[in-house]
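Coordinate analysis (summary)
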Amino acid sequence: MSMTQTAQATGLALSLYERMIRIRAFEQKVQQLFKLGKLPGFVHLYIGEEAVAVGACSVLRDGDRITSTHRGHGHLIAKGADVERMMAELFGRRSGYCKGKGGSMHIFDFGLGILGANGIVGGGIPIATGAALADRVLDRDNVTIAFFGDGAANQGVLHEALNLSAVWSLPIIYLCENNQYTEWMRTEDITSGRIADRAHAFGVPGVQVDGNDVFAVREAVSTAVDRARRGEGPSLIEAVTYRHLAHNEGEEVFSGVYRPPDEVDSWKARDPVVALRRRLEDVLDVPAAELDEIERRQSDEIELAVKTAEASAFPDPEEALDDLFAERIV
Ligand SMILES: Cc1ncc(C[n+]2csc(CCOP(=O)(O)OP(=O)(O)O)c2C)c(N)n1
Ligand SMILES: [Mg+2]
């Protein structure tokens, strides 16, 4: 590689690292706040899966859209969501994305192309397909990514969406995060065959990638996005990864032990954030102090988001029924 290419590769890796650290810092803070009883709603944390959201969203440009899931914080941050408004929403405060009335699973930012987290497993898939249909009909060259889990891949709506998006050549990427569990069930116990292969029945490209390798995700998504922008239709990508934490915070109250501890340990040893840091230090020669500084900056921003959220007012009970209907939402 020439010096310019090395500098570009380092710049890209650093920006991916900073995004992944931002998600990690947000989620670690949320875990702590939940344990302290400060957050009124349910939270499903994304720690361990950061490379998927960051690799995928790093390919997108303004105007492109995503739909997210119940485990949505990582997708939202990767697409540029404001962590202060996200945190305020988790605290149930008026300065939050849904004025404190939605919580973790309803955060959206239409201006940034974030068509919403979603408490309905598989619920983002048809919304993303509709957004891609709109782009096709209006002849815009945007693409949409639908993030969903391995559990959602067993919902019929994925098959309906793959079918019609293939027939209509829609500019969409179905991105399955196979973290190998659907709540407390092992994916292999409830899922037949390889999820990526399901695309082939519809004549759609389907690939499996290492979801802990941010560059592998980026490359696969880039190929799919280029194809979509050329008008050649949808793709399905299955990113194999693992969540380090519980399905939802507080699950230990009722779930018992459902994952072998050595399995959890072996995936923690393949932590995508640690792997990228190692690459930055060992291969790209970035000084450790520079990486420490990124971590400090991100954790300071998250601390500030918590302070701002806690200082914000709760919505008034009289506002409970406001904002239920919109005349126009895009
Ligand atoms: C339609 C629907 N069915 C069931 C649930 C309950 N539920 C919430 S999360 C979840 C598991 C989803 O698993 P997966 O899609 O693999 O996502 P992960 O939690 O692993 O990220 C289920 C069954 C729901 N929210 N919506
Ligand atoms: Mg899963």
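What this report covers is the structure whose coordinates are included nearby. As the structure is a computational prediction, the values presented were derived from the model and not from experiment. (Residues numbered from 1 in each chain as written. Chains lettered and ligands numbered in written order. Predicted model: local features only at pLDDT ≥ 70, side-chain atom pairs only at ≥ 80, totals over all residues. Heavy atoms only, no water.)

Topic: the site of ligand 1
Around ligand 1 sit 15 residues, and of these His70, Arg71, Gly119, Gly151 and Asn179 come closest. At 2.8 Å, a backbone N or O of glycine 119 approaches a nitrogen atom of ligand 1. Measuring from a nitrogen atom of ligand 1, one finds a side-chain N or O atom of glutamate 183 at 3.4 Å. In isolation ligand 1 has 590 Å² of accessible area, and contact with the protein removes 74% of it. (Near = heavy atom within 4 Å. Polar contact = N/O pair within 3.5 Å; in protein donor to acceptor, adjacent residues only side chain to side chain. Areas by Shrake-Rupley, 256 points an atom, 1.4 Å probe, with all protein chains shown as cover.)

A short note on the state of the cysteines
In this structure the tally under the stated criterion is 0 disulfides. Cysteine 57 forms no disulfide, and the closest cysteine sulfur to it belongs to cysteine 176, at a distance of 16 Å. According to the relative accessible area criterion, cysteine 57 is buried, its value standing at 7%. (Disulfide = S-S within 2.5 Å. Buried < 20%, exposed > 50% of the residue type's maximum accessible area, 1.4 Å probe, protein only.)

Brief notes about the nonpolar core
By size, the foremost hydrophobic cluster in this structure holds 65 residues, and its most contacted members are Phe26, Met87, Ile145, Leu175, Val221 and Leu280. Considering each element in turn, this core owes the most residues, 11 residues, to helix H1 (residues 3-35). Apart from residues no more than four positions distant in its own chain, methionine 87 is found in contact with Phe26, Lys29, Val30, Leu33, Ile302, Ala305, Val306 and Ala309. Within the second largest apolar cluster, 18 residues are counted, among which are Ala146, Ala152, Ala153 and Val204. (Core = buried A, V, L, I, M, F, W, Y, C linked by side-chain atoms within 4.5 Å. Helix = DSSP H or I, 4+ residues; strand = E, 2+ residues; numbered from the N terminus. Contact = heavy atoms within 4.5 Å.)

Quick notes on the sheet that holds strand E1 (residues 65-67)
If you walk across this open sheet you meet the 5 strands as E1-E2-E3-E7-E6, and the pairing is parallel. The two strands at the open ends of the sheet, each matched to only one other strand, are E1 and strand E6 (206-210). Here the average twist between neighbouring strands, direction ignored, is 20°. As judged from the 3 bridges shared by E1 and strand E2 (residues 144-149), these two strands associate in the parallel manner. Opposite arginine 65, over in E2, you have threonine 144 as the bridge partner. Against the sheet, helix H5 (residues 124-137) contacts E1, E2 and strand E3 (172-178), and its axis sits at roughly 170° relative to E2. (Pairing = 2+ DSSP bridges. Axes fitted to C-alpha atoms, helices over the stretch in contact; angles between N-to-C directions.)

So, helix H6 (residues 156-167)
Since the α-helix packs 3.6 residues into each turn, any two residues three or four apart lie on the same face. The first and last C-alpha atoms of H6 sit 17 Å apart over 12 residues, in line with the 16 Å expected at 1.5 Å per residue. Taken residue by residue, H6 has Leu158, Ala161, Leu162 and Ser165 as its buried positions. Viewed along the axis of H6, the buried residues span an arc of 100°, placing them on a single side of the element. What points out from H6, more than 90 degrees from its buried face, is the exposed set Glu160 and Val167. On the buried face of H6, the contacting elements are H5, E2 and E3. (Expected span 1.5 Å × (residues − 1). Arc of directions from axis to C-beta.)

A word on the pairing of E2
Along E2, 5 of the 6 residues are buried, which leaves the element largely enclosed by surrounding structure. Of the strand pairs in this sheet, E2 and E3 are connected by 6 bridges, and their pairing is parallel. In the sheet register, glycine 149 faces E3, and the bridge partner there is glutamate 177. Taking the sense of rotation as the criterion, the β-α-β connection linking E2, H6 and E3 turns out right-handed. (Right-handed = clockwise from strand over helix to strand, strands pointing away.)

Considering helix H4 (residues 83-90)
With respect to burial, H4 is a largely interior element, 6 of its 8 residues being buried. When H4 is considered as a whole, its buried residues turn out to be Val83, Met86, Met87, Ala88, Glu89 and Leu90. Considering only its buried residues, H4 is in contact with H1, helix H3 (73-78) and helix H11 (288-311). The opening residue of H4, the one whose side-chain oxygen lies 2.8 Å from the backbone nitrogen of glutamate 84, is aspartate 82. A positive phi of about 75° marks glycine 92, the residue just after H4.

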